[in-house]
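Summary of the model geometry
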Amino acid sequence: MRIAKAGWPFILGCLFIGAVIAALAHVFECPFLGILAGLSFLGACFCVYFFRNPFRRIPRGEHLILSPADGKIMEIVEGTDPVSTQPVWILRIFLSVFNVHIQRAPVAGRVQAVRYKTGRFLDARDPKACFENEQNRMEFVPDGRFSSPLVVTQIAGLIARRIVCWVREGQRVAAGELIGLIRFGSQVDLVIPKSVQLKVKTGDRVKGGSSVMAEVLPE
């Protein structure tokens, strides 16, 4: 199992604190400090689990739109977005603390824009979270038959307070490539053209980089 680089400070920090407390517990023969040391080591184990980066088999095809994140689809709504003059589908994915929190590119293409916005830290399931929370918006110009760019938005949640973005404007990405991470519970929105054929529905559980969210119909 691979671990995301962003997780190592948390893992090593918990291990270091646990080792120091364990040493103090031994010196002072204090059971309470021993319990705290054990909790620190459990915290390190949780961080290893949380920051895991499992191998994913990436489906091939320029006509496919892949899930940018692991989690449960909270809703699929028709809406508008600045990237398109036509209506779009907006798919909202909820990530619990038990999901993989690494985000992946939904298509192969070029990063057109990256825009970070400060905000609040409402629970990711709150309907206002996608509008008011801290977030990072990434626009992708896909290769293949697409009528408009795609958008992936990382949205911080009640516990998540740190958004990490690993791509920059002008960069080319492969479908399923790692593009970012959100720490400790969050939401990821995917904006796609309404002309595509959806392959998922509300309530479905998806995996980043391997679940097919939609397919571009042949002209």
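To keep things clear, this report deals only with the structure shown in the data block. (Residues numbered from 1 in each chain as written. Predicted model: local features only at pLDDT ≥ 70, side-chain atom pairs only at ≥ 80, totals over all residues. Heavy atoms only, no water.)

1. Overview of the overall build of the protein
- A tally of helices and strands in the protein yields three helices and 16 strands.
- Projecting the C-alpha coordinates of the protein onto the three principal axes gives extents of approximately 75 × 35 × 30 Å.
- When burial is assessed residue by residue, the protein has 50% of its 219 residues classed as buried.
- Pairs at least 24 apart in sequence give 71% of the contacts found in the protein among residues at least 6 apart.
- Within the structure as shown, the protein displays about 11000 Å² of accessible surface, and the carbon and sulfur contribution to it stands at 60%.
- Charged side chains in the protein number 27 positive and 18 negative. The centres of these two groups are separated by 4 Å. (Helix = DSSP H or I, 4+ residues; strand = E, 2+ residues; numbered from the N terminus. Buried < 20%, exposed > 50% of the residue type's maximum accessible area, 1.4 Å probe, protein only. Contact = heavy atoms within 4.5 Å. Areas by Shrake-Rupley, 256 points an atom, 1.4 Å probe, with all protein chains shown as cover. Lys, Arg positive; Asp, Glu negative; His and termini not counted. Charge placed at Lys NZ, Arg CZ, Asp CG, Glu CD.)

2. Comments concerning unusual backbone geometry
- We note that glutamate 29 has phi near 50°; this positive angle belongs to a residue other than glycine.
- With a relative accessible area of 68%, glutamate 29 lands in the exposed category.

3. Details of the nonpolar core
- If you look at the biggest cluster of nonpolar residues, it comprises 31 residues, and the most contacted ones within it are Ile65, Leu91, Phe140, Ile192 and Met213.
- Secondary-structure elements contributing two or more residues to this core are strand 4 (71-79), strand 5 (88-95), strand 8 (135-142), strand 9 (150-156), strand 12 (178-182), strand 13 (186-193) and strand 16 (212-215).
- Per-element tally for this core: the top contributor is strand 5, with four residues.
- Sequence-distant contacts of phenylalanine 140, defined by excluding residues within four places in its chain, comprise Ala105, Pro106, Val107, Arg110, Val111, Gln112, Pro149, Leu150, Val152, Val173 and Ile179.
- In terms of nonpolar packing, the next biggest core, distinct from the first, is built from twelve residues, Ala6, Phe51, Val100 and Leu181 among them. (Core = buried A, V, L, I, M, F, W, Y, C linked by side-chain atoms within 4.5 Å.)

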